[in-house]
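# What the coordinates show
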Amino acid sequence: MIAEALHWALTPAPAWARRAGYLTELIAIQAQYGRWRRQWAPHLQESKDAIRAAMARCATRRHAMVYGSGPLLDIQLAELAANFEKVTLVDVAHLWPARLAARRFSNVRLVARDISGVAQGLLEGAAQGADGPPRPQPNLPQDHASVDFLVSANVLSQLAVTPLRFLSRHIVLSRDEALRFAADVARAHLAHLRQFDAVCCLITDTRRDFLSRDGAVHKTEEQLPGIVLPAHDRSWDWEIAPPGEISPEYSVRARMLCATILPGNDGQGRQNGAAGRLDTVWRQA
Ligand SMILES: C[S@@+](CC[C@H](N)C(=O)[O-])C[C@H]1O[C@@H](n2cnc3c(N)ncnc32)[C@H](O)[C@@H]1O
């Protein structure tokens, strides 16, 4: 608790990230890692291996951009910094451990940005008494044309979590409205990724299984209902919440996947026309 309060007080963060709850969520992830370091290790290794394999497919290596870099648990920063002229880490804010890690490399820069394009709309909506969620409008970064490698680092299913928590304090959304908003945010992110002419490594969870102590699946929650993802190269399980994290009786296992999408290829080995590129894979269900 004390460490979390210190992070809150000492982390340089944009006002919107504090007010909408993004900073709290980011600090909670770092704290959760502190509790489950050993259990998370295999997942973090899988993620690093997946990013390394995707990086190997980059023919040009000017600029690597990482979305959802967070506490850098799944990012081999030294490797990225050695392989690219420039590395940009993008998250809602950057905690001090990540800031200090980035300072070791002269070609790594940190950007605090809302990649979903909803944060501003959330705050304005709350101030103006809006009765629905904002429309996701991710902005293409100005330097997007220089990006040769883009990593979406386990952020896709998280993009709607903080906004929905914020909205629940201001308006009443039905389950269907909440699901629709989450799907809109996820689709907007996928459409945003395909605006880059870069090798894209998408890592995301797709499902969460709640397991009882005997290992039986008690309940399953889809993380991206209604979303069709690109064909994946790898998948693995992540023991995200061992017993004791959310309940003494249940643990939670996340199903993870990594999809590597090459420029000019739809991720399933077929070439698309130049205009269509990845669109056929990232279509909505
Ligand atoms: C599950 S964590 C993964 C963090 C990181 N990849 C790691 O494993 O160390 C999701 C990350 O996405 C970030 N995030 C969530 N919503 C975001 C948004 N709208 N814009 C930018 N980053 C966001 C969170 O702050 C968090 O760092």
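Broken down by element type, the protein chain carries 9 helices and 8 strands. A compact globule built from 285 residues would reach a C-alpha radius of gyration of about 19 Å, and the protein chain, at 19 Å, matches this within 12%. Each principal axis of the C-alpha distribution contributes one length, and for the protein chain these read about 45 × 40 × 40 Å. Of all 285 residues assigned to the protein chain, the portion counted as buried reaches 36%. Considering only intrachain contacts with a sequence separation of at least 6, the fraction spanning at least 24 residues in the protein chain is 67%.

Glancing now at the site of the ligand. Taken together, the neighbourhood of the ligand is formed by 20 residues, with G68, G70, L73, A153 and V155 sitting nearest. Among the elements that take part in the shell around the ligand, helix 3 (residues 22-35) stands out by supplying 3 residues, more than any other. Here the shell around the ligand is built from residues that sort into 11 nonpolar, 6 polar and 3 charged.

Moving on, we come to the pairing of strand 3 (residues 108-112). Looking at chain direction, strand 2 (residues 86-91) and strand 3 are connected through 5 bridges and run parallel. In the strand pairing of strand 3, V90 is matched with V111.

Looking at the protein chain, pLDDT values average 91 and 93% of them are 70 or higher. This model gives residues 267-285 a pLDDT under 50, and the stretch forms 36 contacts once residues within four places in sequence are excluded.

The rules we used
- Residues numbered from 1 in each chain as written.
- Predicted model: local features only at pLDDT ≥ 70, side-chain atom pairs only at ≥ 80, totals over all residues.
- Helix = DSSP H or I, 4+ residues; strand = E, 2+ residues; numbered from the N terminus.
- Rg over C-alpha atoms; globule rule 2.2 N^0.38 Å.
- Buried ≥ 20, exposed ≤ 12 C-beta atoms within 10 Å, placed from the backbone.
- Contact = placed C-beta atoms within 7 Å.
- Near = placed C-beta within 6 Å.
- Nonpolar A, V, L, I, M, F, W, Y, C, P; charged D, E, K, R; others polar.
- Pairing = 2+ DSSP bridges.
- pLDDT = per-residue confidence, 0-100.

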